[in-house]
Amino acid sequence: MGLIALVLIGLAGWLIWTGRLQRMSTKDGMALGAALVGAVLAAKGKPALGAPILLGAALFFASQGKTKKGAPRARRKAAPPMAAARADVEGARALLGLSAEARATDIRAAHRRLIASVHPDKGGTEALAAQINAARDLLLADLAERDRPSAG
């Protein structure tokens, strides 16, 4: 019983120390839940059922913590500001599935279609919803920039 409590405290400490508690995914939550179920089963006198579940959760978390150290990271050359802006606009168009001729109504319609399926309230992620929102904002700003009459 005391050993199980130490294991759970160690697991919670590891989650906090690595910062995984702040960015816990569904798989992490399920593994943590399995660890708790396994610990409760083992504590209630059923170690044959609880120990494999607890061990499986521990192995899951151990495999998540492995990173390839020493592997060189690919470095991107800094693109000129204008080229980087064009690449961002092209990436935003690709994300929303739009052509270069898309108008504001097309951009908003594509945004609504995508955000409906990836919104966090619908089971999507905040990160993907933020990317889609940013793509919409970037394309609308680019469209306004192109439509603005040039002074000169």
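Computed from a predicted model, the values in this text were never measured in an experiment.

1. Some details on the overall build of the protein chain
And then number 1: Along the backbone of the protein chain there are six helices and zero strands.
And then number 2: Within the protein chain, the fraction of its 152 residues that count as buried is 22%.
And then number 3: Of the contacts made within the protein chain by residues no fewer than 6 positions apart, 54% connect residues no fewer than 24 positions apart.
And then number 4: Carbon and sulfur atoms make up 62% of the accessible area of the protein chain, which amounts to about 11,100 Å² in all.

2. Structural notes on the nonpolar core
And then number 1: If you look at the biggest cluster of nonpolar residues, it comprises 16 residues, and the most contacted ones within it are Leu96, Leu98, Ile107, Ile115, Ile132 and Leu139.
And then number 2: Taken together, the elements giving at least two residues each to this core come down to helix H4 (81-96), helix H5 (104-118) and helix H6 (126-147).
And then number 3: The greatest single-element share of this core, amounting to six residues, is contributed by H6.
And then number 4: The residues contacting Leu98, other than those within four sequence positions of it, are Arg93, Asp106, Ile107, Ala110 and Leu139.
And then number 5: Grouped together as the second largest cluster of nonpolar side chains are seven residues, Ala31, Ala35, Ala39 and Ala57 included.

3. Overview of the confidence of the model for the protein chain
And then number 1: Per-residue pLDDT for the protein chain averages 75, and the proportion of residues at 70 or more is 74%.
And then number 2: Across the protein chain, H5 holds the top mean pLDDT of 89, while helix H1 (residues 2-18) sits lowest at 71.
And then number 3: For residues 67-71, every residue scores under 50 in pLDDT, and the model assigns this stretch zero contacts once sequence neighbours within four places are set aside.

4. Quick look at the packing of H5 against H6
A pair of packed helices is characterised by two quantities: the angle between their axes and the separation of those axes.
And then number 1: At a minimum axis distance of 10 Å, the contact between H5 and H6 shows a crossing angle of 175 degrees. In this view, H5 runs roughly antiparallel relative to H6, as classed from their interaxial angle. Together, Ala104, Ile107, Arg108, His111, Leu114, Ile115 and Val118 of H5 and Leu128, Ala129, Ile132, Asn133, Arg136, Leu139, Leu140 and Leu143 of H6 make up the contact between the two elements.
And then number 2: In the contact of H5 with H6, the residues fall into 11 nonpolar, two polar and two charged.

5. Describing H5
Side chains that are three or four residues apart share a direction in an α-helix, a result of its 3.6 residues per turn.
And then number 1: The end-to-end C-alpha separation of H5 is 21 Å, in line with the 21 Å expected for 15 residues at 1.5 Å each.
And then number 2: Every buried residue belonging to H5 is among Ile107, Ala110, His111, Leu114, Ile115 and Val118, and all of these are buried. Along the axis of H5, the buried positions cluster into a sector of 125 degrees, meaning they face one direction only. Set apart from the buried face of H5 by more than 90 degrees, the exposed residues are Thr105, Arg112 and Arg113.

6. Concerning the pattern of salt bridges
And then number 1: This model, assessed by the stated rule, comprises five salt bridges.
And then number 2: Measuring nitrogen to oxygen at the nearest pair gives 2.7 Å for the salt bridge that ties Arg93 to Glu90. Residue Arg93 and its partner Glu90 are both found in helix H4; the two are separated by three residues, about one turn of the helix.
And then number 3: On the basis of relative accessible area, Arg93 is assigned to the buried category, the value being 7%.
And then number 4: Residue classification places Glu90 among the partly exposed positions, given a relative accessible area of 41%.
And then number 5: Asp147 serves as the salt-bridge partner of Arg103, at 3.0 Å between the closest nitrogen and oxygen. Pair noted here: Arg103 is in the loop between H4 and H5 and Asp147 is in helix H6, with a separation of 44 residues, a long-range link.
And then number 6: For Asp147, a relative accessible area of 48% corresponds to the partly exposed category.
And then number 7: Members of the salt-bridge network, linked through shared partners, are Glu90, Arg93, Asp142 and Arg146.

Rules behind the numbers
Residues numbered from 1 in each chain as written. Predicted model: local features only at pLDDT ≥ 70, side-chain atom pairs only at ≥ 80, totals over all residues. Heavy atoms only, no water. Helix = DSSP H or I, 4+ residues; strand = E, 2+ residues; numbered from the N terminus. Buried < 20%, exposed > 50% of the residue type's maximum accessible area, 1.4 Å probe, protein only. Contact = heavy atoms within 4.5 Å. Areas by Shrake-Rupley, 256 points an atom, 1.4 Å probe, with all protein chains shown as cover. Core = buried A, V, L, I, M, F, W, Y, C linked by side-chain atoms within 4.5 Å. pLDDT = per-residue confidence, 0-100. Axes fitted to C-alpha atoms, helices over the stretch in contact; angles between N-to-C directions. Parallel < 35°, antiparallel > 145°, perpendicular 65-115°, else oblique. Nonpolar A, V, L, I, M, F, W, Y, C, P; charged D, E, K, R; others polar. Expected span 1.5 Å × (residues − 1). Arc of directions from axis to C-beta. Salt bridge = Lys/Arg side-chain N within 4 Å of Asp/Glu carboxyl O.

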